[in-house]
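Results of the structural survey
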Amino acid sequence: MKRVLLILLCAVCLFAGCTKQAPHTTKELFAMDTVMHLTVYSQEDGVLKQGEEEIRRLEKLLSVTNENSDIARLNQSKGQWVTVAEETARLLTLAKDYAKQTEGRFDPTVYPAVQAWGFTTDQNRVPLKEELEGLLPLVDYNQIEIKGTQVRLPKGMGVDLGAIAKGYAADKVKGLYETAGVSGILSLGGNVLTVGQKPDGTPFSVAIQDPANAADTLGVLTVTGGQAAVTSGDYQRYFEQNGMRYHHILDPKTAAPAISDLTSVTVIANSAAKADAYATALFVAGKEKALSLAETLNVQAVLVAKDGQILCTDKVQFTPS
Ligand code: AMP
Ligand code: MG
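Residues numbered from 1 in each chain as written. Chains lettered and ligands numbered in written order. Predicted model: local features only at pLDDT ≥ 70, side-chain atom pairs only at ≥ 80, totals over all residues. Heavy atoms only, no water.

A few points about the packing of aromatic side chains
Tallied over the full model, the rule gives five aromatic pairs. Arranged with centres 5.7 Å apart and planes meeting at 55°, the rings of Phe119 and Phe239 form a pair that is tilted. On the criterion of sequence distance, the pair formed by Phe119 in the loop between helix H5 (111-116) and helix H6 (129-135) and Phe239 in strand E11 (residues 238-241) is long-range, its members being 120 residues apart. Judged by relative accessible area, Phe239 falls into the buried class, the value being 8%. Ring pairing ties together the aromatic residues Trp117, Phe119, Phe239 and Tyr246, which thus form one cluster. (Phe/Tyr/Trp six-rings, centres within 6.5 Å; stacked < 30°, edge-to-face > 60°. Helix = DSSP H or I, 4+ residues; strand = E, 2+ residues; numbered from the N terminus. Buried < 20%, exposed > 50% of the residue type's maximum accessible area, 1.4 Å probe, protein only.)

As C-alpha cells, this is what we get:
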C-alpha cells in the first residue's frame, strides 16, 4: 500500500510537470501492481483504451502470480520444456541479453529468492542465511534455454520479469501512440516514457522523486521526445522487521536485498525495457561501479546516494529543486 501511495504521488508530480501548458487527456489505471497514468496530448482518447488493453494483455502473459501466464507455467514446469508465446520467448531472450550486459546484476532467475523473501505474496519474511545459500545455485540466467517458442528451466529455478515488464509494456504502448500519430507521456510506476513532441515544442520534464519524502522532488530531468526515464529505488517496496528495513531489489550474488550505497537510480535511454533492466542493475552495482557501468552500457543515469549526494553521467540535463 505504501508503495502505491508513493508511486501515485510521484506520477501526479510528473504529470503536473509535463503537461501544464498543453491540452491533454489522461487515463489512470492500476496494473502490474502499480498505479499508471497514460497521457495523450489530444482530446481523442481511443489510444488510451488501446494502451490499457495492451498493458492488461501483457500482465496476463507475464505475471508470476497469474497461474495461467506463460511465466507462471514456466515456473511450474519442473524442468520440462514449455511452449510460450513468441513474444514471451523474445522478452526472455532480451532479459538474458540484459543480464549478460550487466554481468548478472539484473538477473530474471532471481525469482526463488524473491519468493523466499515473500515479495510476490506480500507475506514477507527474513529467510535464514542457510536458506539463501541453498538458493544461490538456482539463480543463473545462463541456464534459461530458449529454442524458438520452447523454453526450459532446470527444476527448482524460476523466472521473474518484474524488473523489466513495466518498461517493456511502456515501449509497447508507445508503439500504439506512434501508430495513432499522437504524442504524450506514459508513467507506469517508476517508468516514464515520452512519445513524440510536446505541442508547444518544449522538451519534456520528468521529476525525480525524493526517496526520503514521497511528496517532494529532488529536481527535474529534461528529456527529448521518445526517451524513457526509469527509476529503481529501495523506497519503492520494502518491509520492516525487528527494526530492520528489507527492500525488494535483490543482489543475485547473495539472494538478499542488495547492500547498496544508493537509494535511487534513474536511467535514461531510448527504450523503457532497457532502462528498466539497467536501473535495477545499476542499483545493485552501487555508487562506485554504477557510473562506469552506465557508460559501458551507453545510457545516461542519475544516481541518488544514501548520503544525499546526486551523481549524473555527462550528458544528463538535471536541474535540482
Ligand atoms: P525494479 O523495481 O524494476 O528495480 O524491479 C524490482 C523487481 O524485480 C522486484 O520486485 C523483483 O520482483 C525483481 N527483482 C529483484 N531484484 C532483481 C534483480 N537483481 N534482477 C532482476 N529482477 C529483480
Ligand atoms: Mg527495473
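Considerations on the side chain of Asp276
As for its position among the elements, Asp276 is in helix H8 (residues 272-285). It turns out Asp276 is buried and unbridged, and the closest side chain with the opposite charge, Lys166, is 5.8 Å from it. Beyond its immediate stretch of four places on either side in the chain, Asp276 contacts Ala163, Ile164, Ala165, Lys166, Gly167, Asn191 and Val230. (Lys, Arg positive; Asp, Glu negative; His and termini not counted. Salt bridge = Lys/Arg side-chain N within 4 Å of Asp/Glu carboxyl O. Contact = heavy atoms within 4.5 Å.)

A word on the site of ligand 1
Lining the immediate environment of ligand 1, one finds 15 residues, of which Arg105, Asp160, Ser232, Leu250 and Thr280 sit closest. A distance of 2.9 Å separates a nitrogen atom of ligand 1 from a polar atom in the backbone of Asp107. Ser232 has a polar side-chain atom sitting 2.6 Å from an oxygen atom of ligand 1. In the complex, the protein chains occlude 94% of the 500 Å² of accessible area that ligand 1 would expose alone. Tallied by class, the residues present in the shell around ligand 1 amount to seven nonpolar, four polar and four charged. (Near = heavy atom within 4 Å. Polar contact = N/O pair within 3.5 Å; in protein donor to acceptor, adjacent residues only side chain to side chain. Areas by Shrake-Rupley, 256 points an atom, 1.4 Å probe, with all protein chains shown as cover. Nonpolar A, V, L, I, M, F, W, Y, C, P; charged D, E, K, R; others polar.)

Description of the packing of helix H2 (residues 46-62) against helix H4 (residues 86-101)
Running from amino to carboxyl end, H2 crosses H4 at an angle of 75°, the nearest separation of the two axes being 11 Å. The pairing of H2 with H4 is recorded here as roughly perpendicular in orientation. Mapping the contact onto sequence places Arg57, Leu58, Leu61 and Leu62 in H2 and Glu87, Thr88 and Leu91 in H4. For the contact of H2 with H4, the residue count by class is four nonpolar, one polar and two charged. (Axes fitted to C-alpha atoms, helices over the stretch in contact; angles between N-to-C directions. Parallel < 35°, antiparallel > 145°, perpendicular 65-115°, else oblique.)

Structural notes on the environment of Val64
Along the polypeptide, Val64 turns up in the loop between H2 and helix H3 (70-75). Remark: the alpha-carbon pair of Val64 and Leu161, spanning 97 residues in sequence, is separated by 8.0 Å. In this structure, Val64 is in contact with Ile71, Ala72, Asn75, Tyr111, Thr120, Val159 and Asp160, ignoring residues within four places of it in sequence.

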